[in-house]
Structure formats: C-alpha cells, structure tokens
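Summary of structural features
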Amino acid sequence: TGVQLEVGPATPFEHRSYGQELALCQRYYQVLGNESADVIGTTHKWNSSNTFAFCDLPVQMRTVPSLHTNISTSSSALRISSSGYNATGNNLTLDGDSTVRKLRLNSTMTNSNFPNGSSGWLRINQPNIYVNLDAEV
C-alpha cells in the first residue's frame, strides 16, 4: 500500500522482503495441504487403533495452532500409505504433544493389514480438501 502510520516523529519507511512478510504471516496461519496428493506428514502406526502423522512446520507459529479441515465432507478425504498398504478415511485430530514447531496428528483410520510399527505418509486423497493451521490471537 505504501502507507506507514506512526505515533511521534516519522522514521524511514520500513521495507520487508516477500520472504520476511510471508514468515510473519505464517506465524498465524499455515496451509498443510489443499490439493489432491499433497503430503501432510510422515506416519507411524502405533497400535491397532492409532496412526500418528508427524509434521515439521516451516515457521514457528505464535502459539500451538488449531487444526481446520473440511475432511468430514468425504469418507475418503485422506489416505495413509505404508509399504503397499493403504487406508482412507476422514478422521484427523491435533494431538496434545504438538508444539509451535512440530505437529503430531492422530488418525484412527485403520487397516488390519498394516503392521504395528510400520511407517509411511498421510496425504490428501481427493480434490477440494484442505488441512490448515490457525494460531490467531
């Protein structure tokens, strides 16, 4: 906009690079995925009812974020793949061990063929699905 308002004596106009401005914005909001086949994170099947996805964030958020999705609109919005095994579903929650830099997401999508301890990835499985983070004030 080219406008800078200040209280008191004027100072030189503050110029930030695109990267600086983006990083400042990402402290409040980040898109983990919003297109089919976007990978959300790596996974680990903990036990027969829990598979965790781990995601490192590119920028430290202001506070531990809230998870916002529209995955409930489809029963197969997400896919977990591991060693040739696949499971689809729409269950994803932000785990209590998440921090401002790292997320642990929990999914109860199960596939009895997945061996416990197997690793893989979690991705968006259909178009028009999004998984976003919000750390607004």
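Rules and cut-offs
- Residues numbered from 1 in each chain as written.
- Predicted model: local features only at pLDDT ≥ 70, side-chain atom pairs only at ≥ 80, totals over all residues.
- Heavy atoms only, no water.
- Pairing = 2+ DSSP bridges.
- Helix = DSSP H or I, 4+ residues; strand = E, 2+ residues; numbered from the N terminus.
- Buried < 20%, exposed > 50% of the residue type's maximum accessible area, 1.4 Å probe, protein only.

With respect to the sheet that holds strand β3 (residues 50–56)
With respect to topology, seven strands assemble into an open sheet ordered β6-β5-β9-β2-β3-β8-β7, the strand pairing being antiparallel. The open sheet is flanked by β6 (85–89) and β7 (93–94), the only strands paired with a single partner. Alignment of strand β2 (residues 39–47) against β3, held across five bridges, turns out to be antiparallel. Bridged to Lys45 within β3 is Thr51.

A few points about unusual backbone geometry
It is generally the case that most residues other than glycine have a negative phi and that most peptide bonds are trans. With a phi angle near 85 degrees, Ala37 is a residue other than glycine that sits in the positive phi range. Of note, Ala37 is situated in the loop between β1 (29–33) and β2. The class of Ala37 is partly exposed, set by a relative accessible area of 42%. Despite not being glycine, Asn128 shows a phi value in the positive range, around 65 degrees.

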